[in-house]
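Summary of structural features
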Amino acid sequence: MIASVRGPVVDVALDHLVIDCGGVGYRVLVTPATVGAVRRGEEATLLTSMIVREDSMTLYGFTDSDARALFTLLQTVTGVGPRLAMAVLAVLEPTSLRRALAESDVKALTTVPGVGKRVAERLVVELRDKVDAPTAGQAGVAASPVAGSIRDQVAEALVGLGFTAAPADKAVTAVLADEPDADASAVLRKSLALMGKSR
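Residues numbered from 1 in each chain as written. Predicted model: local features only at pLDDT ≥ 70, side-chain atom pairs only at ≥ 80, totals over all residues. Heavy atoms only, no water.

Moving on, we come to the overall build of the protein. A tally of regular secondary structure across the protein gives nine helices and five strands. Ordering the α and β elements of the protein from the N terminus gives β-β-β-α-β-β-α-α-α-α-α-α-α-α. A compact globule built from 199 residues should have a C-alpha radius of gyration of about 16 Å, and the protein, at 16 Å, falls within 12% of that. Taking the principal axes of the C-alpha coordinates as reference, the protein spans close to 45 × 40 × 40 Å. Counting only residues that meet the buried cut, the protein has 45% of its 199 residues in that class. (Helix = DSSP H or I, 4+ residues; strand = E, 2+ residues; numbered from the N terminus. Rg over C-alpha atoms; globule rule 2.2 N^0.38 Å. Buried < 20%, exposed > 50% of the residue type's maximum accessible area, 1.4 Å probe, protein only.)

Right, here's the structure in full:
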């Protein structure tokens, strides 16, 4: 299993990075915060979790061990797979997630697309005793601008996360109408939250 990758970043997208490790480019799915923390051409180290399915092998990457541990922990809950676990971490940073679980904040968990009240309650019941409540809040990492049309890139990323094109485009349009100067990472995060509320 691949536990980490290190090397120059050769491609940056809204939902993944490609990292060159000894001449082999590894496509690693990441959260918007992770995308914002790296730059094309610079060396990066990501802790990874490799998910093997019958028809695919997928790497999920994290900048710290806490996020990776939460990603693994989330998947111990029935009905939560790697894509949904990644969506949770895209909307709620590790500190916010720990707080929501420890304080049984179902409302915060339901802001994640794909997490309804029933799944949120299951997350709380099964995980609240397995996480420690954070002692202090941590600021999120600001994302760098991504070249190209933010609207198209965010809509494509949402479709990649499993949403259908029409609702994804509608959510992105609504977010950009409110905040036309927002960067791609912020638009993706807010679109995910908006789509979670509309469920």
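Looking at the protein, pLDDT values average 84 and 90% of them are 70 or higher. No element of the protein has a lower mean pLDDT than helix H7 (residues 150-160), at 76, and none a higher one than strand E3 (residues 24-29), at 96. Within the model, pLDDT remains below 50 along residues 137-148, and this stretch shows 21 contacts once partners closer than five positions in the same chain are excluded. (pLDDT = per-residue confidence, 0-100. Contact = heavy atoms within 4.5 Å.)

What follows is about unusual backbone geometry. Peptide bonds are, in most cases, trans, and in most cases residues other than glycine have a negative phi. Even without glycine at this site, Ser 104 takes up a positive phi of about 55°. With respect to the helices, strands and loops of the structure, Ser 104 is situated in the loop between helix H4 (94-102) and helix H5 (106-109).

With that out of the way, let us pick up the nonpolar core. Within the largest apolar cluster, 50 residues are counted, with the highest numbers of intra-cluster contacts made by Leu 74, Leu 97, Leu 109, Val 115, Leu 123 and Leu 158. With eight residues, the single largest contributor to this core is helix H3 (residues 82-91). In this view, Leu 74 contacts Val 80, Ala 85, Val 88, Leu 89, Leu 97, Leu 123 and Leu 127; residues no more than four positions away in its chain are not counted. (Core = buried A, V, L, I, M, F, W, Y, C linked by side-chain atoms within 4.5 Å.)

Within the structure shown, the criterion is met by two aromatic pairs. Summarising the aromatic geometry, the rings of Tyr 60 and Phe 71 are spaced 5.1 Å apart at their centres and angled 35° between planes, so their arrangement reads as tilted. One end of the pair, Tyr 60, is in strand E5 (residues 57-62); the other, Phe 71, is in helix H2 (residues 65-74), with eleven residues separating them in the sequence. Neither Tyr 60 nor Phe 71 differs from the other in exposure class; each is buried. When the ring of Phe 62 is compared with that of Phe 71, the centres are 5.0 Å apart and the planes differ by 45°; the resulting orientation is tilted. Across the pair, Phe 71 and Phe 62 agree in class, each one buried. (Phe/Tyr/Trp six-rings, centres within 6.5 Å; stacked < 30°, edge-to-face > 60°.)

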